[in-house]
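The lines below spell out each chain.
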Amino acid sequence: MASSLWASRAASFLNISTFHRVVKDLKYADSHEWVKVDGTSATIGITDHAQDHLGDVVYVELPDVGASVTQGTSFGAVESVKDSRQPVISTLPFQETL
């Protein structure tokens, strides 16, 4: 019980969500995507957990309408921006250049 309380407080402090909604009509993948099948069409999305960790989405690439996709293969891309937070007070000694 104490470790659960500690984990909940730590998650709250670190701005980590400890509860995510699971919708029973959706089928989930381990990689945080979901699909909802409605007749012959399907809606695909990403879980609340994945959205929380992405930050601001800046670009989404999807296949052309009518393109065939195969289960388990990549069919698009989501690009996002996430802040990097400094864990301690310090002076930046150098910067890597690419």
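Residues numbered from 1 in each chain as written. Predicted model: local features only at pLDDT ≥ 70, side-chain atom pairs only at ≥ 80, totals over all residues. Heavy atoms only, no water.

Focus on the overall build of the protein chain
Selection criterion: Strands here mean DSSP runs of E at least two residues long; helices mean DSSP runs of H or I at least four residues long; both are numbered from the N terminus. Between buried and exposed lies partly exposed: a residue is buried under 20% and exposed over 50% of the maximum accessible area for its type, with that area taken using a 1.4 Å probe on protein chains only. Only heavy atoms enter the contact rule, under which two residues are in contact if any of them lie within 4.5 Å. Areas reported as accessible are Shrake-Rupley estimates using a 1.4 Å probe. Residue values count occlusion only from the protein chains shown.
Helix and strand counts for the protein chain stand at two helices and five strands. The order of helices and strands in the protein chain, counted from the N terminus, is α-β-β-β-α-β-β. By residue count, 7% of the 98 residues in the protein chain fall in the buried class. Taking the intrachain contacts of the protein chain between residues at least 6 apart in sequence as the baseline, contacts between residues at least 24 apart amount to 25%. A total of about 9300 Å² of accessible surface is found on the protein chain, and carbon and sulfur atoms cover 55% of it.

With respect to the confidence of the model for the protein chain
Atomic detail in the predicted coordinates should be set aside for any region of low pLDDT. Put simply, the test is: Values of pLDDT, the confidence the predictor places in each residue, fall between 0 and 100.
Averaged over the protein chain, the pLDDT score is 75; the fraction of residues at 70 or greater is 65%. Across residues 1–5, confidence stays below pLDDT 50; counting only partners more than four residues off in sequence or on other chains, it has zero contacts. The low-confidence segment residues 15–19, where pLDDT is below 50, has three contacts with residues more than four positions distant or belonging to other chains.

Details of the sheet that holds strand S3 (residues 41–46)
Our working rule: By this definition, two strands are paired if DSSP reports at least two bridges between them.
Pairing is antiparallel across the open sheet formed by three strands, whose spatial order is S1-S2-S3. Strands at the two margins of the open sheet, each flanked by one partner only, are strand S1 (27–28) and S3. Sheet topology places strand S2 (residues 33–38) next to S3; six bridges connect them, and they run antiparallel. Pairing of glutamate 33 across the sheet is with isoleucine 46, part of S3.

Points about the environment of alanine 50
Position of alanine 50 among the secondary structure elements: in helix H2 (residues 48–54). Exposure remark for alanine 50: the relative accessible area of 16% places this residue in the buried category. When the C-alpha atoms of alanine 50 and glutamate 33 are compared, they prove to be 8.2 Å apart, with 17 residues separating the residues in sequence.

Concerning the environment of alanine 77
Within the secondary structure, alanine 77 is located in strand S5 (residues 77–81). On the basis of relative accessible area, alanine 77 is assigned to the partly exposed category, the value being 27%. Residues alanine 77 and leucine 62 lie 15 residues apart in sequence; the distance between their C-alpha atoms is 6.9 Å. Sequence-distant contacts of alanine 77, defined by excluding residues within four places in its chain, comprise Tyr59, Val60 and Glu61.

Concerning the environment of valine 37
As for its position among the elements, valine 37 is in strand S2. Given a relative accessible area of 54%, valine 37 falls into the exposed group. Separated by 10 residues in sequence, valine 37 and lysine 27 have C-alpha atoms that sit 8.6 Å apart.

Quick notes on the side chain of threonine 47
Applied cut-off: Any pair of N or O atoms that falls within 3.5 Å is considered a polar contact. Within protein, one atom must be able to donate a hydrogen and the other to accept it, and sequence-neighbouring residues count only if both atoms are side-chain atoms.
In this fold, threonine 47 is placed in the loop between S3 and H2. At a separation of 3.2 Å, a polar atom in the side chain of threonine 47 contacts the main-chain amide nitrogen of alanine 50. Discounting residues that sit within four places of it in the chain, threonine 47 has contacts with Tyr28, His32 and Trp34.

Here's the deal with unusual backbone geometry
For histidine 32, which is not a glycine, the phi torsion comes out positive at approximately 75 degrees. Looking at where histidine 32 falls in the secondary structure, it is placed in the loop between S1 and S2.

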